[in-house]
Amino acid sequence: MAETVVLSGKVVDLRRRKIFNGDVFVKNGKIDKIQETSTEYKKYILPGFVDSHVHIESSMVIPSSFAHIAVKHGTVATVSDPHEIANVMGVDGVYFMINNGKKVPFKFYFGAPSCVPATPFETSGAEIDAQKTKWLLDDPDIYFLAEMMNFPGVIHGDKEVLQKIEYANNAGKPVDGHAPGLSGDGLNKYASVNISTDHECSTLEEAKEKIEKGITIQIREGSAAKNFENLFPLIHSHPDKVMFCTDDCHPDDLIQGHINKIVKRAIDKGGDFFDVLRAAILNPVKHYGLNVGLLQPGDPADLIMTSDLENFDIEKTFIDGKLVYDKGQTLFNIPEEKPVNHFNCQPINTDDIAVPAKGDQIRVILAKDGDLITGQEIFPAKIENGFVVSDTKRDILKIVVVNRYTPSKPVVGFIKNFNLKKGAIAGSIAHDSHNIIAIGANDEDLVKAVNAIIGFTGGIVACSGDFMEELTLDVAGLMSREDASTVAQKYRQVNELAKTFGSTLSAPFMTMAFMALLVIPDLKIGDKGLFDVSHFEFTTLFAE
């Protein structure tokens, strides 16, 4: 007979919105029963946290390594979009994530990427068309259609886009949204095809309009995009229509905390305790139909224990009744994994990124700290010997994108607000197609940084002259097979070096990675040229 384990503590019952002293009986990985007692306990028992939208790839570690850290923070499950690796390796990348995640006791719920490539205006490493999407959605290991970033395609009736959504609807699986700033008639059309979530709201007004259309809002607090402050009031006004997510969480942030950090912050800010936990646990479980326990008889025993409900410092984490984290120690190992990748490009030289002056006014990307949205402005070009060059005094720097899948001529633009006074930074993380992207104060360091990425087929680097710090990412050029603590340490070193070059951004590499995201306004850059997202068309570097 299976052994029954009894966990005693103050039971947090989300359904009845009640906390009581009780004994939780766990048998065969499920909660057999819960009994109230008169004994006064000090520890609290509550369901584990769920990240309602995250790209595991952004942690720069593979799923098993992500789980190894996440359980320390009380996370027991993630709703994960493998969009990043899919843009590099297609369906094979999706199954790499699924299969690696199955090797550890953690609940990964992966979706079918809906936009591979994200747009036809850049080169990706793979394509997942409607038929491949249907094939994925028919797999029980796929739980939803991941964020539909091509909202113009939805609005204008693109057949391929609508076919993917129809397949998800027919399969009875939710469709995640991604529509920054969309409102009015466009939003009506977008919501009408059963788009169920959105994690891109930046204002309360935007979020409320989407809620009125039946869309659940994911309050995002990631490494680059942070919307918690603006959207916090929704927890009180619409407690049944909000969920917490990180979206993109870099390794140094993951080490410090996960959903538990957002929970603590919301409670500190005066959020109703049970409404906050609803956003962190109950709502995502119900929205996606996850097999994650809610601390009810018959549920999987997915539990966490803590000494207080203010700091949420986790002492124990159980998944399916198995103790996976106990007082500072994760109780499972990270399995060995073979690297997979897609890389085919040649080293560049300074001639490849030289910009002949075809005018004296240039269109410049305006980066914003903590935001995926950019601006654009026209500035006088700094011209030397007939070529436009980086201007560190005015903080107008070269930004370069190199196609990593097919040998091609680099695309060069200019960007402001990175504030590099010397050196260059580069990486093979460039949403969404993940070509090589680099920003630098001079051409020599730019070339050196790009060629370093090519040399070790993926990673991030910061260099100035002969000095360089790097983090190699041998899985699809996006993730390392090392443990998250090691990756976090190396990432911090590279990130800090970029800041010594003058960068004032909180996460310069994360921000740089989104400068190639051609579905987020306003001006971005891909391997085929400068792109005006507001008009959804290429534009010129030189202003007329």
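Being a predicted model, the structure only gives us computed values, none of them experimental.

Each helix and strand counted, the protein has 16 helices and 30 strands in total. Relative to the compact-globule value of 24 Å for 544 residues, the protein shows a C-alpha radius of gyration of 24 Å, a close match. Considered along the principal axes of its C-alpha atoms, the protein spans approximately 85 × 50 × 45 Å. Taken across its 544 residues, the protein has 63% of its residues classed as buried. Long-range pairs, those at least 24 residues apart, make up 67% of the contacts in the protein with a sequence separation of at least 6. Charge-centre separation for the protein: the mean point of 55 positive side chains lies 3 Å from the mean point of 74 negative side chains.

Looking now at the pairing of strand 29 (residues 529-532). Bridging between strand 28 (residues 523-526) and strand 29 involves four bridges; their strand directions are antiparallel. Along strand 29, the bridge assignment pairs G526 with G529. What sits between strand 28 and strand 29 in their antiparallel hairpin is a turn of two residues.

Below, the discussion takes up the sheet that holds strand 17 (residues 355-356). Across the sheet, which stays open at both edges, the three strands sit in the order 17-21-20 with antiparallel pairing between neighbours. At either end of the open sheet lies a strand with only one pairing partner, and these are strand 17 and strand 20 (383-384). Here two bridges tie strand 20 to strand 21 (residues 387-388), and the two strands are oriented antiparallel to one another. Opposite E384, over in strand 21, you have F387 as the bridge partner.

Taken residue by residue, helix 7 (residues 184-192) has G186, L187, Y190 and A191 as its buried positions. The buried residues of helix 7 occupy an angular sector of 125° when the element is viewed end-on, so they sit on one face. Residues of helix 7 that are exposed and point over 90 degrees away from its buried face: D185 and S192. Against the buried residues of helix 7 lie strand 8 (142-148), helix 5 (151-155), strand 9 (175-177) and helix 8 (204-212). Looking one or two residues past helix 7, N194 carries a phi angle of roughly 75°, positive in sign.

With that settled, consider the packing of aromatic side chains. Scanning the model with the defined rule gives 14 aromatic pairs in all. Between F121 and F538 the ring centres are 5.7 Å apart and the planes differ by 85°, which places this aromatic pair in the edge-to-face class. One end of the pair, F121, is in the loop between strand 7 (107-112) and helix 4 (130-137); the other, F538, is in strand 30 (residues 537-538), with 417 residues separating them in the sequence. The interplanar angle of 80° and the centroid separation of 5.3 Å between the aromatic rings of F531 and F538 together place this pair among those described as edge-to-face. The structure contains a cluster of three or more aromatic residues connected by ring pairs, namely F66, F106, F108 and F110. One cation-aromatic arrangement involves K134 over Y167; the distance from NZ or CZ to the ring centre is 5.9 Å.

Reading the values: the criteria
Residues numbered from 1 in each chain as written. Predicted model: local features only at pLDDT ≥ 70, side-chain atom pairs only at ≥ 80, totals over all residues. Heavy atoms only, no water. Helix = DSSP H or I, 4+ residues; strand = E, 2+ residues; numbered from the N terminus. Rg over C-alpha atoms; globule rule 2.2 N^0.38 Å. Buried < 20%, exposed > 50% of the residue type's maximum accessible area, 1.4 Å probe, protein only. Contact = heavy atoms within 4.5 Å. Lys, Arg positive; Asp, Glu negative; His and termini not counted. Charge placed at Lys NZ, Arg CZ, Asp CG, Glu CD. Pairing = 2+ DSSP bridges. Arc of directions from axis to C-beta. Phe/Tyr/Trp six-rings, centres within 6.5 Å; stacked < 30°, edge-to-face > 60°. Lys NZ or Arg CZ within 6 Å of the ring centre and 35° of its normal.

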